[in-house]
Number of protein chains: 2
Amino acid sequence: MSFPRIDETHDPARSSWVEGADGHPAFPIQNLPYGIFSPPGGAARAGVAIGERIFDLRAAAQTGLLPAAASAVFGEPTLNALMALPAADRLALRRWLSALFSDEAQRPATEPLLHRAADCALHLPATIGDYSDFYVGIHHATNIGRLFRPDNPLLPNYKYVPIGYHGRASSIRPSGVPVVRPRGQRKPPEADAPVVGPSQRLDYELELGIWIGAGNALGETVPIADAADHIAGFCLLNDWSARDFQAWEYVPLGPFLAKNFQSTISPWVVTAEAMAPFRIAQPPRPQGDPQPLPYLWDEADQAQGALAIDLEVHLSSAKMRAEAMPPMRLSRGPAFSMYWTAQQIVAHHASNGCNLNPGDLLGTGTLSGPTPDSFGSLMELTGGGQAKIVLPTGEERAFLEDGDELALSAVARADGYVSIGFGECRAMIAPAR
Amino acid sequence: MSFPRIDETHDPARSSWVEGADGHPAFPIQNLPYGIFSPPGGAARAGVAIGERIFDLRAAAQTGLLPAAASAVFGEPTLNALMALPAADRLALRRWLSALFSDEAQRPATEPLLHRAADCALHLPATIGDYSDFYVGIHHATNIGRLFRPDNPLLPNYKYVPIGYHGRASSIRPSGVPVVRPRGQRKPPEADAPVVGPSQRLDYELELGIWIGAGNALGETVPIADAADHIAGFCLLNDWSARDFQAWEYVPLGPFLAKNFQSTISPWVVTAEAMAPFRIAQPPRPQGDPQPLPYLWDEADQAQGALAIDLEVHLSSAKMRAEAMPPMRLSRGPAFSMYWTAQQIVAHHASNGCNLNPGDLLGTGTLSGPTPDSFGSLMELTGGGQAKIVLPTGEERAFLEDGDELALSAVARADGYVSIGFGECRAMIAPAR
């Protein structure tokens, strides 16, 4: 297992000449996430976020400011080629960029390639060939399982199989793109037959996204000990869900139209290298749980395969915004309620020879904590819509209403290191068409 | 609803100067399917099959042999741009090609661009952004449902919802690429815990694939009356399935590793235009079945939305081939055991605003007929492995063995028209690695 190591780029004493970078809550020099952006009037290209600025990697490559191996990967307006680079080349690029932004002597050549982030548009960071979503948040699986199957919340396979399913790649959108309330079939409990209309139980799901770096050939596997080498980075993922459609359609082949109308991601790829200081031990399995099968078990993964990330969800209604109220926090919790690590997810996905490709996106599934203040969906927070949430305006919410804006956020924290954030993952609900 | 009309290209009297085209069981001049091929020593490019030849569309476009609208779409080694063309442009290209191959005066300019198909390699015809698989073969759904849920074979949603789920796009391969037997978790009925190893219940599934032509924007739908305009063509699809993995992993989120290790398609896109004479009425729903919801109901679709295609499956074992025995037919049946039409599948998929893109592939699900001689999987033919099939060598098969080669075939037939075939959809099982 080769998790990236902590190096000089994580030094908490390292500061940047870029205005606003030091002390930035998401993008200090210790982060350096990659994304695809358009400057005003310009075409989409690769960039790296620092403070409130975006550094133009395409221009930097063209002007010879980057190491040779990295220069070749910024020709296209996607990060797929960057993600596919060997880990050593990705690390070299990170160290190079960190030096550019910390060394005052580099400022004259570097500063002209910085854009104000507020002036730029952000896009999907990669062409997502395939998107798979997992179900590793054990508290979520238990909570949701109880609502759908009161007597049988966790199925017998849960503690052996990192349960996952394929999702829709085409409808993944970056933060900020409104979500049109989907129409579909739902079957009211008292009705004999389904009806069609806008979803009445529109929900969010708080997840982490895992960006695949190096892929594996069809028919080959990714051993658990190598899985970390196949992860390029992380993002936030909101797996919007129409619970009424889901309840009706999901047997026997799983969720489909209940989830594929849109998924929202934070557009910055927080790299595996940046996450090095925030690696922690996977919590021990509860007493009596089975030992994972050998292809999923690695001591190094257990020792440092989890992520010290704090997650939050905020909601603002149209009325709250009209009254200039701040968003209301719906939940807050750590990301380590994952029953399986990101590496176990990757190893399982490829264990049958399924080929993963650079730029594939894997979702963790909803990351609810053990207590209601850390539940990662309205379905859980309201007990299936029974216990409504009261907003500061006095409005009530069982599920999302038109005009509601939902924002996910994540901060990686570790003693002795500078915290790094994931950036925005927000979207507003637009009325059904 | 605008299904392509029967025109002069379907004229059974139309013959071709291309040697072997007239009377060809799959690719007479009335078919003209598109694909991506490489001639000996050459790069991948678009072509059209006629008889035992492949016409080089890229070269034809470069030399001015094609209509202007079509010339622009053959720059890339995929058919996505062709599929995205307006239906009128696709039809114009078909008529142009049909004229080229039927008019002896065109022969001198056209013949040099024909390659012997036997010398060429065939590739995937499109970059498949998303692959979704459905479950519309009602006999299959009933047969499989009975094996997994004896008391409850068809779930209550089946006759309201064209049940589907997302599949894996990256592992779709054209005919001829061997299938490596996957490893994975299975739980023997008598065991307390799962074990890991090569699948012991490897199966095939006989399906049709639907190629999406024109897409729809995220948040927009495809009305059932327009759905035919969004279908570029059809292929054969073998949705290889590890039944032992499937039984253990599929609850609650559906099949995943049981199916995503590989899917095999026939590499030629049989166009919607070519299928015009083979449009038939959808069989009436059984007495007592509910009326489809309005978004799935269209009189024109019911009148001509089904396809008159005869499907067959053949198996040959290594021993059969060593003894020069012909493949054994496992089943034969018509494709109209689809409870929902291809148009209903498309309209349903986009009904929540999910965006479909040119080159997306939709599978129908296994197309079993009502009787055992037309069942589309070994799971059904052997009653879950209980009733073994005896091969001409005396070998027995409950599920597929290493070295077995499975071949799907399809022929569209209609009185007064020349039958057209789909070409090869075959693959051999390679041992687990």
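From a predicted model like this one, the values you see are computed outputs, not experimental measurements.

**With respect to the overall build of chain A**
Next up, step 1: Within chain A one finds eleven helices and 27 strands.
Next up, step 2: A globule of 433 residues ought to have a C-alpha radius of gyration of about 22 Å, and chain A, at 21 Å, matches this closely.
Next up, step 3: Per-residue burial over chain A gives 61% buried out of 433 residues.
Next up, step 4: If you take every contact in chain A between residues at least 6 apart in sequence, the share linking residues at least 24 apart comes to 75%.

**Let's talk about the sheet that holds strand 4 (residues 114–116) of chain B**
Whenever strands of a sheet pair, they do so through backbone hydrogen bonds, lying parallel or antiparallel.
Residue and element names in this part refer to chain B.
Next up, step 1: Strand order across the open sheet formed by five strands is 4-3-2-1-5, with antiparallel pairing between neighbours. Of all strands in the sheet, those bounded by a partner on one side alone are strand 4 and strand 5 (121–123). Averaged over all pairs of adjacent strands, the angle between strand axes in this sheet comes to 50 degrees, irrespective of strand direction.
Next up, step 2: As paired strands, strand 1 (residues 34–38) and strand 2 (residues 45–50) are joined by four bridges and run antiparallel to one another. The residue bridging Gly35 from the neighbouring strand is Gly47, located in strand 2.
Next up, step 3: In this fold helix 4 (residues 87–102) packs onto strand 1, strand 2, strand 3 (53–56) and strand 4, with an angle of close to 65 degrees to the strand it touches most, strand 1.

**What to know about the UniProt feature "binding site: substrate" (unreviewed entry) in chain A**
Next up, step 1: As recorded in UniProt, the sites labelled "binding site: substrate" (unreviewed entry) are Tyr135(A), Arg149(A), Gln246(A), Tyr250(A) and Thr366(A).
Next up, step 2: In this structure, Arg149(A) sits in the loop between helix 6 (138–148) and strand 7 (164–167).
Next up, step 3: Taking relative accessible area as the criterion, Arg149(A) reaches 17% and is therefore assigned buried.
Next up, step 4: The residues touching Arg149(A), leaving out its near neighbours within four places in the chain, are Leu155(A), Tyr250(A) and Pro252(B).
Next up, step 5: Within the secondary structure, Tyr250(A) is located in the loop between helix 7 (243–249) and strand 16 (263–265).
Next up, step 6: With a relative accessible area of 14%, Tyr250(A) lands in the buried category.
Next up, step 7: When near neighbours in sequence (up to four residues on either side) are disregarded, Tyr250(A) contacts Phe148(A), Arg149(A), Pro255(A) and Pro252(B).
Next up, step 8: Polar side-chain contacts of Tyr250(A) include one of 3.3 Å to the side chain of Arg149(A).

**So, the domain arrangement of chain A**
Residue and element names in this part refer to chain A.
Next up, step 1: Here chain A is described as being made up of domain 1 (8–123) and domain 2 (131–430).
Next up, step 2: A C-alpha centroid distance of 28 Å is found between domain 1 and domain 2.
Next up, step 3: Counting residues at the interface gives 26 residues for domain 1 and 26 residues for domain 2.
Next up, step 4: Between domain 1 and domain 2, roughly 2,100 Å² of surface is buried when both sides are summed, and carbon and sulfur atoms account for 68% of that area.
Next up, step 5: In terms of surface lost to domain 2, no three residues of domain 1 exceed His10, Met83 and Arg90, which account for 29% of the buried area on that side.
Next up, step 6: Joining domain 1 to domain 2, the criterion identifies one salt bridge.
Next up, step 7: There are seven residue pairs in polar contact (both at pLDDT 80 or more) connecting domain 1 and domain 2.
Next up, step 8: When contributions to the side of domain 1 that touches domain 2 are tallied by element, the ones reaching two or more residues are strand 1 (34–38), strand 2 (45–50), helix 3 (80–84), helix 4 (87–102) and strand 5 (121–123).
Next up, step 9: Here the side of domain 1 that touches domain 2 is built from residues that sort into 17 nonpolar, seven polar and two charged.

**Brief notes about the relation of the copies chain A and chain B**
Next up, step 1: Least-squares fitting of chain A to chain B yields an RMSD of 0.0 Å, with the transformation described by 0.0 Å of translation along the axis and a rotation of 180 degrees. Overall, the copies show the geometry of a two-fold rotation axis. Relative to the rotation axis, the C-alpha of Gly254(A) is the closest in chain A, positioned 2.2 Å from it.
Next up, step 2: Both copies present the same face, since 100% of the interface residues in chain A are matched by interface residues at the equivalent positions in chain B.

**Section: the sheet that holds strand 1 of chain A**
Residues and elements named next belong to chain A.
Next up, step 1: Taken together, five strands build an open sheet; the order of strands is 4-3-2-1-5 and the sheet is antiparallel. The open sheet is flanked by strand 4 (114–116) and strand 5, the only strands paired with a single partner. On average, each strand axis in the sheet is inclined to that of its neighbour by 50 degrees, with strand direction left out of account.
Next up, step 2: In terms of strand pairing, strand 2 meets strand 3 (residues 53–56) through four bridges, oriented antiparallel. For Ile50, the partnering residue across the bridge sits in strand 3 and is Arg53.

**What to know about the packing of aromatic side chains**
Next up, step 1: In the structure shown here, the tally under the stated rule is 16 aromatic pairs over all chains.
Next up, step 2: With 6.1 Å between their ring centres and 75 degrees between their planes, Tyr135(A) and Tyr158(A) make a pair best called edge-to-face. Of this pair, Tyr135(A) sits in the loop between strand 6 (131–134) and helix 6 while Tyr158(A) sits in the loop between helix 6 and strand 7, and the two are 23 residues apart along the sequence. Grouping residues by exposure puts Tyr135(A) and Tyr158(A) together as buried.
Next up, step 3: With centroids separated by 5.5 Å and ring planes inclined at 85 degrees, the aromatic side chains of Phe256(A) and Phe134(B) adopt a geometry described as edge-to-face. Taken together, the positions of Phe256(A) in the loop between helix 7 and strand 16 and Phe134(B) in strand 6 (residues 131–134) put the pair across two chains.
Next up, step 4: Phe134(B) gets classed as buried once you look at its relative accessible area, which sits at 1%.
Next up, step 5: Three or more aromatic residues link up through ring pairs in this structure, and these residues are Tyr135(A), Tyr158(A), Tyr339(A) and Trp340(A).

**Re the interface of chain A and chain B**
Next up, step 1: Residue-level contacts link 57 residues of chain A with 57 residues of chain B.
Next up, step 2: In total, chain A and chain B occlude about 5,200 Å² of area from one another, counting both sides; carbon and sulfur atoms represent 60% of this.
Next up, step 3: Between Arg168(A) and Asp130(B) there is a salt bridge, with the nearest N and O atoms lying 3.5 Å from each other.
Next up, step 4: The interface formed by chain A and chain B includes 31 residue pairs in polar contact (both at pLDDT 80 or more).
Next up, step 5: Breaking the side of chain A that touches chain B down by element, the ones donating at least two residues are strand 6, strand 7, strand 10 (183–186), helix 7 and helix 10 (342–349) of chain A.
Next up, step 6: The element best represented in the side of chain A that touches chain B is strand 7 of chain A, accounting for four residues.
Next up, step 7: The residue inventory of the side of chain A that touches chain B, partitioned by class, reads 28 nonpolar, 19 polar and ten charged.

**Some thoughts on the pairing of strand 20 (residues 309–316) of chain A**
Residue and element names in this part refer to chain A.
Next up, step 1: Bridge count between strand 20 and strand 25 (residues 405–412): eight bridges; the pairing is antiparallel. The residue of strand 25 that forms the bridge with Val313 is Leu408.
Next up, step 2: Inspection of the sheet shows strand 20 paired to strand 21 (residues 328–334) by six bridges, in the antiparallel sense. Counterpart to Glu312 in the pairing with strand 21 is Arg332.

What counts as what
Residues numbered from 1 in each chain as written. Chains lettered and ligands numbered in written order. Predicted model: local features only at pLDDT ≥ 70, side-chain atom pairs only at ≥ 80, totals over all residues. Heavy atoms only, no water. Helix = DSSP H or I, 4+ residues; strand = E, 2+ residues; numbered from the N terminus. Rg over C-alpha atoms; globule rule 2.2 N^0.38 Å. Buried < 20%, exposed > 50% of the residue type's maximum accessible area, 1.4 Å probe, protein only. Contact = heavy atoms within 4.5 Å. Pairing = 2+ DSSP bridges. Axes fitted to C-alpha atoms, helices over the stretch in contact; angles between N-to-C directions. UniProt positions renumbered as here; feature names shortened; annotations may be inferred. Polar contact = N/O pair within 3.5 Å; in protein donor to acceptor, adjacent residues only side chain to side chain. Domains from an automatic or database assignment. Buried area = accessible area lost by both parts, 1.4 Å probe. Salt bridge = Lys/Arg side-chain N within 4 Å of Asp/Glu carboxyl O. Nonpolar A, V, L, I, M, F, W, Y, C, P; charged D, E, K, R; others polar. Least-squares fit on C-alpha atoms with pLDDT ≥ 70 in both. Phe/Tyr/Trp six-rings, centres within 6.5 Å; stacked < 30°, edge-to-face > 60°.

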